[in-house]
Amino acid sequence: MNDVQYAVTEDGTHIAYRVLEADHWDGAPHDIVMVSGGLIPMELFEEELGFARLLAGLQALGRVVVFDRRGLGLSDPIVDWEQPVLDQWADDLAAVVIASGVRDPVVFAWDTYGVGTRFAARHSDQVGRFVLYEPIIVTEGEWEDWSSDQLRAIQANISGEFDILERIAPSRVADPTFREWYSRAGRLGASPATAGRIFKSAFGARPEAQLLEGIKAPTLVLHRRDSAFIPPESAMIAAERIPNATAVELDGEDLFPFMGDVDAVLAEIADFVVGERRLPPPERVLAAVMFTDLVGSTERAASVGDAKWKSMLDRHDAAVRAAVGRCGGRVIKTTGDGVLALFPSTAGALNTALRLPAHLVEDDLQVRVGIHVGDVDRRGDDVSGLAVNIAARVMARAGDGNVAVTASVVAAMAGQAAAFEPIGSHTLKGIPGEWELFQVVDGTVTG
């Protein structure tokens, strides 16, 4: 973090910030100032794949300025708890805008509580365009109950009595890699005592203090329709109160913009800023790709009924995510009655596949598994590429309860404790050529 600089506010507080240079911009660049949410310090932004994708997408539009608000990360602590924290954070943003030298920036605010809106209203001459992601706007009559409920949940999370990820990151709640990153972000961002005081101050602010009516810049309001944390009416209320605003609803249930379909968020921002849905290129990596599928799921669902089947699927998803995480992998998505997972090592994928039956025995579930090693294109939380399609087709060739693999897996495991038997040459739907497939016959894989 040797590129960290400091802005100084009028009260003498030092605010840490970084300027990320534009990435191969072929037109007039746009300065973007990002107002992040939660208590995540900027030194951990790029360690999360989805977050790195978000930043890369913004850098495709121009320079990006990120910063730690006072009380977080590398910035000075909060010393004045009498003044609303959100107002102090808006002052921090103003100081960073001046110190970084940006002109008419696009302010991208996903703090949810109104730091960005306060700044945009009070410094309208310093904002070219405004992107407001997932604002919390609740009608006056509902504010007390809603804010009290959320504050209780956050305080219970700080004390370890409640898992806040169930509300803000439902798609990643069982992902151990993400949980470790988010937990570390919380530890480095603010102490439990400071975090508690921050949230108490933030939830003590009235909705009207967001100053929506005073925002003059053209504004894009983004909202994910299935969010479990943001009231569904928030985006429309914000768009109605901001004079020159457009609201766009996106698919997804997670709170943060660096989760779920990151590219959908970036596409809307790019279209709003430059009139073109510009995205950074995907990151290509070599990985072991694993697809799983429950055997006889349709018949089983019909025999046990919808409610019981849903509970069984929930247990299946949790068990598979845990098994994948323990072997160093990551579940990319669920497929209704299976998962797509990515592993940095072939042994990790095979270990997971061979251990799954033990995790599913309680519900008497069987899975078929397909594994292939190849290049995949990674876009934030999602992946694509021929290797993904091959793994899916290989899974379809696996017998009930079996693990089928391509020759690439056999080659990658040469010299390790795994045995395979050939199951013949196959054509894979939509994939050119003939493919030699193998079945895993040894239950002990190491590495």
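The preceding data block contains the structure.
Residues numbered from 1 in each chain as written. Predicted model: local features only at pLDDT ≥ 70, side-chain atom pairs only at ≥ 80, totals over all residues. Heavy atoms only, no water.

Any chance you could break down the packing of helix H11 (residues 306–326) against helix H12 (residues 346–360) for me, citing the residues and the numbers?
Orientation of H11 relative to H12, taken along the N-to-C sense of each, is 145°, at an axis distance of 10 Å. The element H11 and its partner H12 pack so that their crossing is right-handed. Residues His316, Ala319, Val320, Ala323, Val324 and Arg326 of H11 lie in contact with H12, whose contacting residues are Thr352, Leu356, His359 and Leu360. Looking at the contact of H11 with H12 residue by residue, the classes come out as six nonpolar, three polar and one charged. (Axes fitted to C-alpha atoms, helices over the stretch in contact; angles between N-to-C directions. Helix = DSSP H or I, 4+ residues; strand = E, 2+ residues; numbered from the N terminus. Left-handed = near helix turned anticlockwise from the far one by under 90°. Contact = heavy atoms within 4.5 Å. Nonpolar A, V, L, I, M, F, W, Y, C, P; charged D, E, K, R; others polar.)

Explain the pattern of salt bridges to me, and be specific about the residues and the numbers.
Considering all chains together, one arrives at 21 salt bridges under this definition. Across the pair Glu249 and Arg225 runs a salt bridge whose closest N-O atoms are separated by 3.0 Å. Linking Glu249 in strand S8 (residues 245–250) with Arg225 in the loop between strand S7 (219–224) and helix H8 (234–241), this pair joins segments that are 24 residues apart in sequence. On the accessibility criterion, Arg225 (38% relative accessible area) is partly exposed. (Salt bridge = Lys/Arg side-chain N within 4 Å of Asp/Glu carboxyl O. Buried < 20%, exposed > 50% of the residue type's maximum accessible area, 1.4 Å probe, protein only.)

Tell me what's going on with the layout of surface pockets, and back it up with residues and numbers.
Considered as a void within the structure, the second largest pocket measures approximately 500 Å³ in volume. Taken together, 24 residues form the lining of the second largest pocket, with Ser171, Arg321, Ile332, Lys333 and Thr334 sitting closest to its centre. Elements with a contribution of two residues or more to the lining of the second largest pocket: helix H9 (262–274), H11, strand S10 (330–334) and strand S13 (382–384). Here the lining of the second largest pocket gets five residues from one element, more than from any other, and that element is S10. Among the residues making up the lining of the second largest pocket, the classes are represented as eight nonpolar, four polar and 12 charged. (1 Å grid on protein atoms, 1.4 Å probe; cavity = no way out; pocket = protein on both sides within 12 Å on 5 of 7 lines; lining within 4 Å. Points joined across faces, edges and corners; volume = space filled by probe spheres on them.)

I'd like a description of the pairing of S7, backed by residues and values.
Extensive coverage of S7 is indicated by the burial of six of its six residues. Alternating positions in S7 separate into two faces, Thr219, Val221 and His223 on one and Leu220, Leu222 and Arg224 on the other, with burial throughout. Relative to S7, strand S6 (residues 129–133) runs parallel, the two being bridged by four bridges. Each residue of the ladder has a partner; that of Tyr133, found in S7, is Leu222. Here S7 pairs with S8 via six bridges, running parallel. Across the sheet, the residue bridging to Val221 is Ala247, located in S8. (Pairing = 2+ DSSP bridges.)

Hey, could you go over unusual backbone geometry for me, with residue numbers and the actual values?
Of note, the phi angle at Asp104 is positive, near 45°, even though the residue is not glycine. Here Asp104 lies in the loop between helix H2 (85–100) and strand S5 (106–109).

Talk me through the sheet that holds S6; I want residue IDs and the actual numbers.
Spatially, eight strands are ordered S1-S2-S4-S3-S5-S6-S7-S8 in an open sheet, and the strand pairing comes out mixed. The open sheet has two edge strands, strand S1 (5–8) and S8, and neither has a second partner. Direction aside, neighbouring strands of the sheet carry axes that sit 25° apart on average. Across the sheet, helix H1 (residues 49–59) lies against strand S2 (14–20), strand S3 (32–35), strand S4 (64–67) and S5, angled at about 155° from S3, the strand it touches most. Where helix H3 (residues 115–122) meets the sheet, its contacts fall on S3, S5 and S6, and the angle it forms with S6 comes to roughly 160°.

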